[in-house]
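Now for the letters of each chain:
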Amino acid sequence: MGSFRSLDGLRLAGTVTAPLSGVPHRAVVLAHSEGLDRDENGLFPLLAEELAVEGVASLRFDHRGHGASEGVQEERTLTEHLNDLRAAVEYIRAETGARRVSLLGTRFSGGLAAFYAARRPTELDRLVLLTPQLNFKGDYIDQNPNWAGGRVASPQLAEVGYLEHGPGVRHGRAFLNEAFWVRPSFVFGEILPPTLIVHGTKDDRIPVESSRAAARRLKVDDVLVEIDGTCEENENLVAERVVEWITFSE
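Here the structure is a predicted model, which is why all the values come from computation and not from measurement. (Residues numbered from 1 in each chain as written. Predicted model: local features only at pLDDT ≥ 70, side-chain atom pairs only at ≥ 80, totals over all residues. Heavy atoms only, no water.)

Caption draft 1: Broad picture of the side chain of Gln-73. As for its placement among the helices and strands, Gln-73 is situated in the loop between strand S4 (56-61) and helix H2 (78-96). Within polar-contact distance, the side chain of Gln-73 engages the backbone oxygen of Gly-65 at 3.1 Å. Those residues in contact with Gln-73 that lie beyond four places of it in its chain are Gly-65, His-66, Gly-168, Val-169 and Arg-170. (Helix = DSSP H or I, 4+ residues; strand = E, 2+ residues; numbered from the N terminus. Polar contact = N/O pair within 3.5 Å; in protein donor to acceptor, adjacent residues only side chain to side chain. Contact = heavy atoms within 4.5 Å.)

Take a look at the structure:
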């Protein structure tokens, strides 16, 4: 376990898993779902171990306001999260010497990873999106009972400065305002790294059709893997597909 600093100086807690021997040529940043931590309910340690066997280093870290990282849930913003991804990519590259760095994001972080890959397309070797949340405005604004007609309709934001979005997840004003503009689904055509999308056909929070539509917009080599059930129910299969994608030699 260790830590690194984001661009604004915040300390982010992380775990680097390196191969048992040699300098890895590849590394992966693993970005967890909102409201969880760097272990992603056990999936990320499993992935880290299997990647290490194949000679690939990995960094899994707690998002700001999550786990052991610094930061306050309701003060974070989407652009801060994007800068944290940049810091994580730079950190694992410097820490391991890996020349090729990939990025994996699940759910909330899948949307972040897609947006990051579109805006900094030459930095990443490969991209992996697990059940990606690609419509922040739709999820946080349009389908949120605290909003109506694109305007806040609840006194909670004024009274306490945040809106709750599930257990352990708080969104402040800046985060919610950015959701109108940070639109992962709008920039899929700008993604350059080869992209793997894995989505469960029976996920009740993020419908698989969102990933199907996203895959149709990609202009790079891509694979959409649909899993019967949810990714959480099939973590061994998910890990197998991810390792195959990351270690594929062109």
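Next, the rest of the story.
Caption draft 2: Focus on the pattern of salt bridges. Applying the stated rule across the entire model yields 23 salt bridges. With its nearest N and O atoms 2.9 Å apart, the salt bridge here joins Asp-62 to Arg-38. Taken together, the residues Asp-62 in the loop between S4 and H2 and Arg-38 in the loop between strand S3 (26-31) and helix H1 (43-53) connect sequence positions 24 residues apart. Accessibility assignment for this pair places Asp-62 and Arg-38 in one class, buried. Between Arg-60 and Asp-39 there is a salt bridge; the shortest N-O distance is 3.2 Å. Here Arg-60, found in strand S4, pairs with Asp-39, found in the loop between S3 and H1; they are 21 residues apart in sequence, far enough to count as distant. According to the relative accessible area criterion, Arg-60 is buried, its value standing at 11%. The partly exposed category is assigned to Asp-39, whose relative accessible area is 30%. Within the structure, one salt-bridge network assembled from shared partners comprises Asp-8, Arg-64, Glu-80 and Asp-84. (Salt bridge = Lys/Arg side-chain N within 4 Å of Asp/Glu carboxyl O. Buried < 20%, exposed > 50% of the residue type's maximum accessible area, 1.4 Å probe, protein only.)

Caption draft 3: The arrangement of the sheet that holds strand S2 (residues 11-17) in detail. One open sheet accounts for 8 strands, arranged S1-S2-S4-S3-S5-S6-S11-S12; its pairing is mixed. Strand pairing shows two members of the sheet lacking a second neighbour, strand S1 (2-5) and strand S12 (222-227), which therefore form its edges. On average, each strand axis in the sheet is tilted by 20° relative to the strand beside it, whichever way the strands run. Summarising the sheet, S3 and strand S5 (residues 100-106) pair through 6 bridges and their orientation is parallel. (Pairing = 2+ DSSP bridges. Axes fitted to C-alpha atoms, helices over the stretch in contact; angles between N-to-C directions.)

Caption draft 4: Examining the environment of Ala-215 more closely. Note that Ala-215 resides in helix H7 (residues 208-217). Spatially, the C-alpha atom of Ala-215 lies 7.7 Å from that of Ile-197, the residues being 18 residues apart in sequence. When residues no more than four places from it in sequence are discounted, the contact partners of Ala-215 are Ile-197, Asp-222 and Leu-224.

Caption draft 5: Highlighting the UniProt feature "domain: Serine aminopeptidase S33" (unreviewed entry) in the chain. Mapped onto this numbering, the UniProt entry gives "domain: Serine aminopeptidase S33" (unreviewed entry) at residues 26-140. Annotated as residues 26-140, this span is 41% helix and 20% strand, and its ends, taken at the C-alpha atoms, are 35 Å apart. (UniProt positions renumbered as here; feature names shortened; annotations may be inferred.)

Caption draft 6: Quick look at the environment of Leu-20. Tracing the backbone through its elements, the reader meets Leu-20 in the loop between S2 and S3. A relative accessible area of 90% means that Leu-20 is categorised as exposed. The sequence separation of Leu-20 and Pro-193 amounts to 173 residues, and the corresponding C-alpha distance is 27 Å.

Caption draft 7: Spotlight on the packing of H1 against helix H8 (residues 235-247). It is at 10 Å that the axes of H1 and H8 come closest, and there the two elements cross at 40°. Viewed along their axes, H1 and H8 adopt a mutual orientation that is oblique. Considering how the two elements wind past one another, H1 and H8 form a crossing that is right-handed. In this structure, H1 contributes Leu-43, Leu-46, Leu-47, Glu-50 and Leu-51 to the contact, and H8 contributes Glu-235, Asn-236, Ala-239, Glu-240, Val-242, Val-243 and Ile-246. Here the residues of the contact of H1 with H8 sort into 8 nonpolar, 1 polar and 3 charged. (Parallel < 35°, antiparallel > 145°, perpendicular 65-115°, else oblique. Left-handed = near helix turned anticlockwise from the far one by under 90°. Nonpolar A, V, L, I, M, F, W, Y, C, P; charged D, E, K, R; others polar.)

Caption draft 8: Main features of the packing of H2 against helix H3 (residues 108-119). At a minimum axis distance of 10 Å, the contact between H2 and H3 shows a crossing angle of 70°. Accordingly, the angle class assigned to the pair H2 and H3 is roughly perpendicular. For the pair H2 and H3, the contacting residues are Leu-78, His-81, Leu-82, Leu-85, Arg-86 and Val-89 in the first and Phe-108, Leu-112, Ala-113, Phe-115 and Tyr-116 in the second. Looking at the contact of H2 with H3 residue by residue, the classes come out as 9 nonpolar, 1 polar and 1 charged.

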